[in-house]
Amino acid sequence: MQMKSRRKRLMIAASLATLRLQRPLSNATPPIFIIGSGRSGNTLVRRVLMASGAIYIPPETYVLGEVIEIWPRTAVLPWRERIWLFCAYFEKHPEFSTFNLVNLNKFAAQAAALPRNDRNLRNLINAFYRFLGNAQGISTDRWGDKTPYNTHHLPAIAALYPNAKFLWLVRDGRDVALSYVEADLYPSLATAADRWTNANAACMAFAKRGLDVRQQTYENLVSRPEKEFAEIFAWADLAFTPDMLTALPGPMGDVEQRRHHEKVRKPISAASAGRWRDQLGQADLSALPKDFWQMMRALNYKNDDT
């Protein structure tokens, strides 16, 4: 097992080194990655950012981080086949329907026509997000991603996009675990709590790397949205006006198709902050794992269940 683990670490390190050898970044504005555990306001932030009309953020992509990590292993393939593999990762995921696309054939044809000197993963991903935005009638070069699963791949993402901005959303783990279970996304509070703990542990370690990581609590976001979003927009180099808090972008894909996103189009409210107090009993809280409570303390959430 030790040898396998060591080989895996070496493979990841080699992949990161390869990604860093991509051509220098252009002067284009950096992408924004919304990271952290799910059920922490990720889709709300996506809605408000997109209301600016200056950035496109698609539904959760799920496989982006995995594609980035496996990409160096595709170097032996012709460019056309690398594109097909890239598209297959997205198309074959069960959530592809949220993109409101039949397939990615049109994108594959556009990517195949990239000039030879521009054929690298960063340019392919940039073109992919522009394609997704254009398919929804949004024409902007600025893009973002709000996939919680990206927490498993943050070093690889940062190696490819060292100038990216990372918005780390933090929410009380008790509310997150409750929300996960109520949405039928996890079978129990314990498994949901593990997901929350692991996601935030990954973000906490990543934030120590000296990159552009901004931590934002859900509770502040929903209790004083105008102040908090104004600061987020300023950090992201985007113009903010208060009407963006209530403006609704066009179809968002997953919001219309997935029940657990149904509140996103409603006015911003702090009503969901602290719901665990009325829904979880002492037995529920006592059953949550030790590392969950350690992370709660690290993120300045008090164990005030009594």
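Residues numbered from 1 in each chain as written. Predicted model: local features only at pLDDT ≥ 70, side-chain atom pairs only at ≥ 80, totals over all residues. Heavy atoms only, no water.

Chemist: Is there a simple way to explain the sheet that holds strand S3 (residues 165-170) in this structure?
Modeler: The strands that make up a sheet are held in pairs by hydrogen bonds between backbone atoms, and each pair lies either parallel or antiparallel. In space, the four strands of this open sheet follow the order S2-S1-S3-S4, with parallel pairing throughout. Where the open sheet ends on each side, the last strands, each with one partner, are strand S2 (144-145) and strand S4 (212-217). Pairing analysis gives four bridges linking strand S1 (residues 32-35) to S3, with the strands arranged parallel. Across the sheet, residue Phe33 finds its bridge partner in S3, namely Phe166. Helix H9 (residues 189-207) contacts S1, S3 and S4 of the sheet and is inclined by roughly 140° relative to S3. (Pairing = 2+ DSSP bridges. Helix = DSSP H or I, 4+ residues; strand = E, 2+ residues; numbered from the N terminus. Contact = heavy atoms within 4.5 Å. Axes fitted to C-alpha atoms, helices over the stretch in contact; angles between N-to-C directions.)

Chemist: Would you take a moment to explain the packing of aromatic side chains for this structure?
Modeler: Each aromatic ring pair is characterised by the separation of its centres together with the angle its planes make. Scanning all chains against the criterion turns up 21 aromatic pairs. Here Arg174 stacks its cationic end above the ring of Trp276, 4.0 Å away from the centre of that ring. Over the face of the ring belonging to Tyr149 we find Arg195, whose NZ or CZ atom lies 5.2 Å from the ring centre. (Phe/Tyr/Trp six-rings, centres within 6.5 Å; stacked < 30°, edge-to-face > 60°. Lys NZ or Arg CZ within 6 Å of the ring centre and 35° of its normal.)

Chemist: I keep staring at the packing of H9 against helix H15 (residues 290-298) and nothing clicks. Help me out?
Modeler: The angle between the axes and the distance between the axes are what describe a pair of packed helices. Interaxial distance between H9 and H15 falls to 9 Å at its minimum, and their mutual angle equals 45°. In terms of orientation, H9 and H15 fall into the oblique class. Crossing of H9 over H15 shows left-handed handedness. Of H15, the residues touching H9 (which contributes Ala193, Asp194, Trp196, Thr197, Asn200, Ala201 and Met204) are Asp291, Phe292, Met295, Met296 and Ala298. A class-by-class count of the residues in the contact of H9 with H15 yields eight nonpolar, two polar and two charged. (Parallel < 35°, antiparallel > 145°, perpendicular 65-115°, else oblique. Left-handed = near helix turned anticlockwise from the far one by under 90°. Nonpolar A, V, L, I, M, F, W, Y, C, P; charged D, E, K, R; others polar.)

Chemist: Whenever I open this one, the pattern of salt bridges confuses me. Can you help?
Modeler: Side-chain pairs of opposite charge can arise where the charged atoms are in close proximity. Under the counting rule described, the total for this entry stands at nine salt bridges. In this structure, Arg214 engages Glu231 in a salt bridge whose closest nitrogen and oxygen atoms are separated by 3.4 Å. Placement of the pair is Arg214 in strand S4 and Glu231 in helix H11 (residues 225-235), with a sequence separation of 17 residues. For Glu231, a relative accessible area of 33% puts it in the partly exposed group. Notably, a salt bridge pairs Glu231 with Lys227, separated by 2.9 Å at the nearest N-O pair. Separated by four residues within a single helix, Glu231 and Lys227 lie in helix H11, roughly one turn from each other. Overall, the relative accessible area of 44% leaves Lys227 in the partly exposed class. (Salt bridge = Lys/Arg side-chain N within 4 Å of Asp/Glu carboxyl O. Buried < 20%, exposed > 50% of the residue type's maximum accessible area, 1.4 Å probe, protein only.)

Chemist: Is there a simple way to explain the nonpolar core in this structure?
Modeler: With 82 residues, the main nonpolar core has Phe33, Phe86, Phe107, Ile125, Phe166 and Phe229 as its most contacted residues. For this core, the leading source of residues is helix H6 (residues 121-135), giving eight residues. With sequence-adjacent residues up to four places away left out, Phe33 is seen in contact with Leu64, Trp143, Asp145, Asn150, Ile157, Tyr161, Ala164, Lys165, Phe166 and Leu167. (Core = buried A, V, L, I, M, F, W, Y, C linked by side-chain atoms within 4.5 Å.)

Chemist: What's the story with the environment of Leu114 in this structure? I'm lost.
Modeler: Tracing the sequence through the fold places Leu114 in the loop between helix H5 (105-112) and H6. Linking Leu114 and Ala127, residues 13 residues apart in sequence, is a C-alpha distance of 9.4 Å. Each residue touching Leu114, except ones within four places of it in the same chain, is listed here: Trp79 and Arg119.

Chemist: Please clarify how H9 should be interpreted in this entry.
Modeler: For an α-helix the count is 3.6 residues per turn, leaving residues at separations of three or four pointing the same way. With 19 residues, H9 should cover 27 Å at 1.5 Å per step; its first-to-last C-alpha distance of 27 Å lies within 8% of that length. Those residues of H9 not exposed but buried are Leu189, Ala192, Ala193, Arg195, Trp196, Thr197, Ala199, Asn200, Cys203 and Phe206. (Expected span 1.5 Å × (residues − 1).)

Chemist: Would you take a moment to explain the side chain of Lys146 for this structure?
Modeler: Here Lys146 shows up in the loop between S2 and helix H7 (154-160). Among the polar contacts listed, one links the side chain of Lys146 to the side chain of Thr43, at a separation of 2.7 Å. At 3.2 Å, the side chain of Lys146 forms a polar contact with the side chain of Glu60. (Polar contact = N/O pair within 3.5 Å; in protein donor to acceptor, adjacent residues only side chain to side chain.)

Chemist: Quick question: what am I supposed to make of the side chain of Thr61 here?
Modeler: Within the secondary structure layout, Thr61 lies in the loop between helix H2 (42-50) and helix H3 (64-70). Classification of Thr61 as buried rests on a relative accessible area of 2%. The contacts of Thr61, once residues within four sequence positions are left out, are Phe90, Phe99, Tyr129, Asp145 and Thr147.

Chemist: Can you walk me through the packing of helix H8 (residues 173-182) against H9 in this structure?
Modeler: It is the contact of H8 with H9, at a shortest axis distance of 8 Å, that shows an interaxial angle of 125°. The angle between H8 and H9 falls in the class oblique. The element H8 and its partner H9 pack so that their crossing is right-handed. Between H8, through Gly173, Val176, Ala177, Leu178, Tyr180 and Val181, and H9, the contact on the second element is made entirely by Leu189, Ala192, Ala193, Arg195 and Trp196. Across the contact of H8 with H9, the residue classes break down as nine nonpolar, one polar and one charged.

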